[in-house]
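Chain and residue survey
Take a look at the letters that make up each chain.
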Amino acid sequence: MTLAVETTDLKVQLQLADDWFTVCDLSMLVQGRGVAALLPDGRQVAVFRDRSDRLYAVDNRDPFTGAAVLSRGLTGTHEGRPFVASPLLKQRFDLADGHCLDDESVRVAVYEVRTR
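Heads up: these notes are all about the structure in this document. (Residues numbered from 1 in each chain as written. Predicted model: local features only at pLDDT ≥ 70, side-chain atom pairs only at ≥ 80, totals over all residues. Heavy atoms only, no water.)

Considerations on the pattern of salt bridges
Rules: A pairing counts as a salt bridge when a side-chain nitrogen of Lys or Arg comes within 4 Å of a carboxyl oxygen of Asp or Glu. In this scheme, a residue with accessible area under 20% of its type's maximum is buried, one over 50% is exposed, and one in between is partly exposed, where area comes from a 1.4 Å probe on protein chains only.
For the structure shown, the criterion picks out seven salt bridges. Of the charged contacts in the structure, one is a salt bridge between D41 and R43, with a shortest N-O distance of 2.6 Å. Overall, the relative accessible area of 38% leaves R43 in the partly exposed class. Between R49 and D53 there is a salt bridge, with the nearest N and O atoms lying 2.8 Å from each other. Overall, the relative accessible area of 41% leaves D53 in the partly exposed class.

Following this line, the structure appears as structure tokens:
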């Protein structure tokens, strides 16, 4: 049996300053996984599609190590809040507001996400 990737015309877009930036086709995002995208200014963003089809985007840079790895982290929920755990030191970051669940003094940038 062969499985085909879902096709859709929907694009995932991020709010950057006063404009929307197209990241990828929605069909490229696998539920429960993240992907990294390069922004026009050279920063990286980690985009996630959760198992309920909600979209999130956070800075891809792990503030504890400086490595651009959050897109490869494990996703889950804590007290009903979605998070990504860094694949390096395992700190968890809330996908909705960017705060670190393990160190309240640390956070990552979050981006507004939409599909068009």
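We are not done yet, so read on.
Structural notes on the pairing of strand β2 (residues 19–25)
What counts, and what does not: Here a strand pair is declared whenever DSSP counts at least two bridges between the two strands. What counts as a helix is a DSSP run of H or I of at least four residues, what counts as a strand is a run of E of at least two, and both are numbered from the N terminus.
Bridge analysis of strand β1 (residues 11–16) against β2 gives six bridges, and the strand direction is antiparallel. Looking at β2, one finds that Q13 is bridged to T22. Taken together, β1 and the strand that follows it, β2, pair antiparallel across an intervening segment of two residues, in which A17 is found at a positive phi of about 50°.

Some remarks on the packing of aromatic side chains
Threshold: The aromatic pairing rule takes the rings of Phe, Tyr and Trp, using the six-membered ring of Trp, and pairs them if the centres are within 6.5 Å, calling planes under 30 degrees apart stacked, those over 60 edge-to-face and the rest tilted. Here, over-ring charges are defined by two tests on the NZ atom of lysine or the CZ atom of arginine: distance to the ring centre within 6 Å, and angle to the ring normal within 35 degrees.
A full pass over the atoms with the stated rule returns one aromatic pair. Here F64 and F93 contribute two aromatic rings whose centre-to-centre distance is 6.2 Å and whose plane-to-plane angle is 45°, an arrangement assigned as tilted. You can see F64 sitting in the loop between β5 (55–59) and β6 (74–78) and its partner F93 sitting in strand β8 (residues 92–94), a full 29 residues away along the chain. The partly exposed category is assigned to F64, whose relative accessible area is 31%. According to the relative accessible area criterion, F93 is buried, its value standing at 0%. Above the face of the F83 ring, R92 is positioned so that its terminal group lies 5.6 Å from the ring centre.

Regarding a nonpolar patch on the surface
Put simply, the test is: The patches described consist of residues with a relative accessible area above 30% and no salt bridge, like charges being joined within 9 Å and nonpolar side chains (Val, Leu, Ile, Met, Phe, Trp, Tyr) within 5 Å. Areas reported as accessible are Shrake-Rupley estimates using a 1.4 Å probe. Residue values count occlusion only from the protein chains shown.
A surface patch of nonpolar side chains, amounting to about 260 Å² of accessible area, comprises F64, L88 and L89. Note that L89 resides in the loop between β7 (81–85) and β8.

A few points about the nonpolar core
Keep this limit in mind: Buried Ala, Val, Leu, Ile, Met, Phe, Trp, Tyr and Cys residues that are joined via side-chain atoms within 4.5 Å together make up what is termed a nonpolar core. Pairs of residues are marked as contacts when any of their non-hydrogen atoms sit within 4.5 Å.
Among the nonpolar cores identified, the biggest contains 13 residues, and V12, L29, V45 and Y111 are the most heavily contacted of them. Listed by contribution, the elements that provide at least two residues to this core are β1, β4 (44–49) and β5. Beyond its immediate sequence surroundings of up to four residues, V45 is in contact with L14, V35, A36, A37, L39, A57, V58, N60 and Y111. Listed in part, the eleven residues of the second largest apolar core include A46, V84, F93 and V106.

Let's talk about unusual backbone geometry
Not every positive phi belongs to a glycine, and D53 is a case in point at roughly 70°. Its place among the elements puts D53 in the loop between β4 and β5. Its identity as a non-glycine residue notwithstanding, E79 has a phi of 50°, on the positive side.

A short note on the sheet that holds β1
Put simply, the test is: Angles shown run from 0 to 180 degrees and are taken between the N-to-C directions of axes, each axis being a line fitted to C-alpha atoms and, for helices, limited to the stretch in contact.
Reading across the sheet, the three strands line up as β2-β1-β10 and stay open at both edges, with antiparallel pairing between neighbours. With one partner strand each, in any of the chains shown, β2 and β10 (113–115) form the two edges of the open sheet. Across this sheet, the average inter-strand angle for adjacent strands is 35°, counted without regard to direction. Inspection of the sheet shows β1 paired to β10 by three bridges, in the antiparallel sense. Looking at the pairing, L14 lines up with V113 of β10.

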